[in-house]
Structure formats: C-alpha cells, structure tokens
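Commentary on secondary and tertiary structure
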Amino acid sequence: MTSHDLRVEPQVSQIPRLIDWVDACCGQDGVADEIRFKMALALEEAVMNVINHAFAGLPPPHLITVRLDITAELIAAEVIDNGHLFDPTTAPDPDLSLPLERRYPGGLGIHLMRGIMDRLEYRHSNGNNILRLEKARG
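Residues numbered from 1 in each chain as written. Predicted model: local features only at pLDDT ≥ 70, side-chain atom pairs only at ≥ 80, totals over all residues. Heavy atoms only, no water.

Observations concerning the overall build of the chain
To keep things clear, this is the line we draw: For the purposes of this entry, the term helix denotes a DSSP run of H or I that reaches at least four residues, the term strand denotes a run of E that reaches at least two, and both are numbered from the N terminus. Each radius of gyration is computed over the set of C-alpha atoms, and the globule rule expresses the reference value as 2.2 Å times the number of residues to the power 0.38. For every residue, the accessible area obtained with a 1.4 Å probe (protein chains only) is divided by the maximum for its type, and the residue is called buried under 20%, exposed over 50%, and partly exposed between those limits. For the accessible areas, the method is Shrake-Rupley and the probe is 1.4 Å, while residue cover comes only from the protein chains on display. Here Asp and Glu are counted as negative and Lys and Arg as positive; His is not counted, and neither are the chain ends. By convention, charge coordinates are those of NZ in Lys, CZ in Arg, CG in Asp, or CD in Glu.
What the chain contains, in helices and strands, is three helices and five strands. Relative to the 2.2 N^0.38 estimate, which gives 14 Å for 138 residues, the radius of gyration of the chain is 15 Å and therefore close to what a compact globule would have. When its C-alpha atoms are laid out on the principal axes, the chain stretches across 45 × 40 × 25 Å. Burial analysis of the chain (138 residues in total) assigns 39% to the buried set. About 7600 Å² of surface is accessible on the chain, with carbon and sulfur atoms providing 54% of the total. If you average the places of the 13 positive and of the 20 negative side-chain charges in the chain, the two averages end up 2 Å apart.

Put into structure tokens, the structure is as follows:
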C-alpha cells in the first residue's frame, strides 16, 4: 500500500493543487485514468464542501488534511477537518424531479460523490470530521 498526505488550506484557490496532487499520486501507482478522474472529482466536491461550510463562525486554526491510500485493489481517500460536525452520508438525496427553480440549492455534490464512489463512510474522532471515499481499481 502507498499512502500520501496533503494539507489543504481552506481556500478555493487550493483546489487545483489538490487535483494535481491526486493525479500525481495516482499516476505513480498506475491508477487508470477513469478511476483517477472520479477520485479527483469526488475529493474536489468533498473539500469544497469543507471550505464553503465547515468553518463558518469557528475561530482558526482551520485544518483540512487529505489522505490517499492506494493498493492493488482499491483507492481510498480520507478528508479530515476540524470544522462543524457534519455527516454527509446522512444528507438526503436532492429531489431531481423538481424543476430547477423549485429545488433547494445544494446537495448535488454529495449526490455526485455517492454516485461515483463505491463507498462513503463518515466518523467523528478527536474533534475531527473524517469522510472516507473508496473506489475499486478494477
């Protein structure tokens, strides 16, 4: 297993750096382009949610760490933050049957993550939110 860690500042400007890092880590381990793309997209959504929502009204330091574990069978990532407690695995699916103008804003990122990952898990430990995303390599 290969493990990688990246500390991400809670700023939108960090997203390209995150995507480049995921691409480089996956490239080193020969992860297929489709799997690499899906993991980068899911992590972009997860980290953007943390940046946009997790730290509202909380004093610094605001910490985000992304951990990537790559095995022959699986690529797994954890997004760890010290923001407000939030379990995205319990968020309701958006009602996609409603016309756009009647939909509640938000929720599509979590819906997307559920659709492209094989597994999402959440836990809260030592004051941190930990979201685990898993995708099989084969």
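Read on for the rest.
Remarks on the nonpolar core
Filter applied, for reference: Nonpolar cores were defined as sets of buried Ala, Val, Leu, Ile, Met, Phe, Trp, Tyr and Cys residues, with membership established by side-chain atoms within 4.5 Å. Residues are treated as being in contact if the distance between any of their heavy atoms lies within 4.5 Å.
Judged by nonpolar contacts, the single largest core of 35 residues is most densely connected at L18, L43, L68 and L133. Of all the elements in the fold, those that place two or more residues in this core are β1 (2-8), α1 (15-28), α2 (33-54), β2 (64-70), β3 (74-81), α3 (108-116) and β5 (128-136). When residues in this core are grouped by element, the largest group, 10 residues, is from α2. Those residues within four positions of L43 in sequence are excluded, and the remaining contacts are L18, V22, V66, L68, A77, V79 and L133.

Re α3
Under the convention used in this document: Directions drawn from the helix axis to the C-beta atoms are what define this arc.
Among all positions in α3, only G109, I110, M113 and I116 are buried. Across the axial projection of α3, the buried residues extend over an arc of 140 degrees, all falling on one side. Those residues of α3 that are buried are in contact with α2, β4 (119-125) and β5.

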